[in-house]
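Next come the chains, spelled out residue by residue.
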Amino acid sequence: MPPVRVSRPRRYLTCAPTYFDVTYAINPWMRENAPVDTALARTQWEALVRAYREAGHTVESAEPVPGLPDMVFAANAALVLDGKVLRARFHAEQRQPESAAYALWFKAAGFDPQEPEPCGPVCEGEGDLVPVAGLILAGTGFRTTVPAHQEAQEFFGVPTVSLHLTDPYFYHLDTALFALDDENIAYYPEAFSPGSREVLGRLFPDAVTATGDDAMAFGLNSVSDGRHVFISPRATGLVDRLAERGYVPVPVDLSEFHKAGGGIKCCTQEVRTP
Ligand SMILES: NC(=[NH2+])NCCC[C@H](N)C(=O)O
């Protein structure tokens, strides 16, 4: 019998897809996909918010800004740990204004977000920084750079572990790995360099690993509250493996957002307060 998994209530920051679209291409998904169905995107995003609330979580929203079609991907705007907000410095020029737009929400919500140095290293928030097991797993290769991992370590006083991503379809760490709970992760080993794979194997010998099909279906871009795993229903193999381990998969299909290279986790920033 798998263990009974226990959820912890979470606070999630999102941004409505009012201006969501694919108008430029900064990852391979954005080059290959048909136009976005805006009405369907809205319906899918509302289903995600509903699923979070039904599981007992708090969902808040930053004000969407016209001309920022990727602002719906709230995960990238910052990393919040212990109430401390490390703001993003985006790689793509088109996304750079999002950092300040989200800072307005953080200030209004009573946080004191740090002011990122204009010429500092690229850091795409929770897209590449995943807190778990007393560490921050930190992705690099396409967006966030290693100096930003060091910056995060200094800022939070939490050890960072740099992991190298090698496949452009998995350009953010959160497209290839997610935290199942405070101790364990699920990931797609082939998205990482051989050395980083070995590191993950040593740190998480009990991890759930996913296949290429599950990963391409955005199965690793999931959100877990420790019990419920909000996951793409297209990642069928991973859904089954999680259920075998005692997690409760909650299917939410964000197919319209896949066209921009994003899924459930990308649309969700976890606001961790003490
Ligand atoms: N956390 C994420 N993986 N977010 C997805 C971001 C998608 C966005 N179009 C980009 O390429 O930047």
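Residue indices begin from 1 for each chain and proceed along its sequence in written order. Per-residue local features are limited, in this predicted model, to residues with pLDDT of at least 70; the limit for side-chain atom pairs, both in listing and counting, is 80 or more; totals at the level of whole chains, interfaces and linings are taken over all residues. The basis for every side-chain value is the complete set of non-hydrogen atoms in the structure, without hydrogens or water.

An unreviewed UniProt entry annotates the protein chain as Amidinotransferase originating from Streptomyces corynorhini.

### A few points about the environment of glycine 139
Formally: Secondary structure counts use DSSP, requiring at least four H or I residues in a row for a helix and at least two E residues in a row for a strand, with both numbered from the N terminus. Burial status follows relative accessibility: with a 1.4 Å probe on protein chains alone, a residue under 20% of its type maximum counts as buried, one over 50% as exposed, and anything between as partly exposed. Contacts are residue-level and defined by heavy atoms, with any inter-residue pair within 4.5 Å sufficient.
Within the secondary structure, glycine 139 is located in strand S6 (residues 135-140). The buried category is assigned to glycine 139, whose relative accessible area is 0%. In this structure the C-alpha to C-alpha distance between glycine 139 and serine 162, which are 23 residues apart in sequence, comes to 6.0 Å. Excluding anything up to four places from it in sequence, glycine 139 contacts Asp128, Thr144, His149, Leu163, Leu165 and Leu173.

### Quick notes on the nonpolar core
Where we set the bar: In these notes, a set of buried Ala, Val, Leu, Ile, Met, Phe, Trp, Tyr and Cys residues joined through side-chain atoms within 4.5 Å is what counts as a nonpolar core.
Core analysis: the biggest nonpolar cluster contains 34 residues, and Leu137, Leu177, Ile185, Phe192, Leu200, Leu238 and Leu242 have the highest contact counts within it. In contact with leucine 177, other than residues within four places in its own chain, are Val130, Leu137, Leu163, Ile185, Ala186, Tyr187, Phe192, Leu200 and Leu220.

### What about the site of the ligand?
Defined as follows: Proximity is defined per residue: any heavy atom of the residue falling within 4 Å of a molecule or strand makes that residue near it. In protein, a polar contact means a hydrogen-donor-capable atom and an acceptor-capable atom, both N or O and within 3.5 Å, with residues adjacent in sequence counting only if both atoms are side-chain atoms; elsewhere, any N or O pair within 3.5 Å suffices. Areas reported here follow the Shrake-Rupley algorithm with a probe of radius 1.4 Å; residue values treat only the protein chains shown as occluding. Residues are grouped as follows: nonpolar covers Ala, Val, Leu, Ile, Met, Phe, Trp, Tyr, Cys and Pro; charged covers Asp, Glu, Lys and Arg; every other residue, Gly included, is treated as polar.
Residues in contact with the ligand amount to 17 residues; listed here are only the nearest, Asn27, Asn76, Arg95, Asp174 and Cys266. Taking aspartate 70, its side chain carries an N or O atom lying 3.0 Å from a nitrogen atom of the ligand. Here a nitrogen atom of the ligand and a backbone polar atom of alanine 260 are 2.9 Å apart. The fraction of the free accessible surface of the ligand (350 Å²) that becomes covered by protein chains is 100%. In terms of residue class, the shell around the ligand is built from seven nonpolar, six polar and four charged.

### Concerning the confidence of the model for the protein chain
So the rule is basically this: pLDDT measures how confident the predictor is about each residue, on a scale from 0 to 100.
Confidence along the protein chain averages 97 in pLDDT terms, with 100% of residues attaining 70 or more. Confidence metrics for the complex model read pTM 0.97 and ipTM 0.96.

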